[in-house]
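Examination of the molecular architecture
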Amino acid sequence: MKAKKFITSLIIVVLLSLAAYYFEENGQLPSQTPSSGQSEVVRLEFPSDRYPETARHIQEAIENGESPICTIDRNEAEENRKESLKGVPTKKGYDRDEWPMAMCAEGGAGADIEYITPSDNRGAGSWVGNQLEDFADGTRVEFMFK
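Structure report, in brief. (Residues numbered from 1 in each chain as written. Predicted model: local features only at pLDDT ≥ 70, side-chain atom pairs only at ≥ 80, totals over all residues. Heavy atoms only, no water.)

**Remarks on the side chain of Thr54**
- Checked against the element boundaries, Thr54 lands in helix α2 (residues 52-63).
- Under the relative-accessibility criterion, Thr54 is labelled buried at 4%.
- One polar contact links Thr54 to Asp120, side chain to side chain, over a distance of 2.5 Å.
- Leaving out residues up to four positions away in the same chain, Thr54 has contacts with Phe46, Asp97, Ile116, Asp120, Asn121 and Ala124. (Helix = DSSP H or I, 4+ residues; strand = E, 2+ residues; numbered from the N terminus. Buried < 20%, exposed > 50% of the residue type's maximum accessible area, 1.4 Å probe, protein only. Polar contact = N/O pair within 3.5 Å; in protein donor to acceptor, adjacent residues only side chain to side chain. Contact = heavy atoms within 4.5 Å.)

What follows is the structure, given as structure tokens:
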């Protein structure tokens, strides 16, 4: 009886191991959240068609030398926003969009600021927040565009 239980247990362990290997090799496991020490970069395809002003701003800022990578750092977002928007006046009917975003370690003083419509800016911000909510601080994200 003990031998039968042992063999059954062994078969289950082998099958689970094979399944884990198969799904990992075929990219079907949930993505791992990199820690701040890892160099892995998560690529995020930004919906340019839904948020064209924000997409254009990010692309232009990167072309002009801003970092293409956003290292998530939510704890510093408020301070980064304060620093990046310092001296940039508000404009009626527009939001001040920043790249790198305030939630990025690369954000803050010296960020590229563009005036864009509130619906585009806030929709894009909400979309990005939803996409990245499961990723830990320290995760490096590269924004991709079609």
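**Some thoughts on the pairing of strand β5 (residues 140-144)**
- The alternating pattern of β5 places Val141 and Phe143 on a buried face, while none of Arg140, Glu142 and Met144, on the opposite face, is buried.
- As paired elements, strand β1 (residues 41-45) and β5 share five bridges and run parallel to each other. Residue pairing in the sheet places Leu44 in a bridge with Phe143 of β5.
- Across three bridges, the pairing between strand β2 (residues 69-71) and β5 is antiparallel. Residue pairing across strands places Ile69 opposite Glu142, the latter belonging to β5. (Pairing = 2+ DSSP bridges.)

**Things to note about the environment of Lys86**
- Here Lys86 is to be found in the loop between α3 (77-85) and β3 (95-99).
- Separated by 22 residues in sequence, Lys86 and Gly108 have C-alpha atoms that sit 9.4 Å apart.

None of the figures reported here should be taken as evidence of function without further support.
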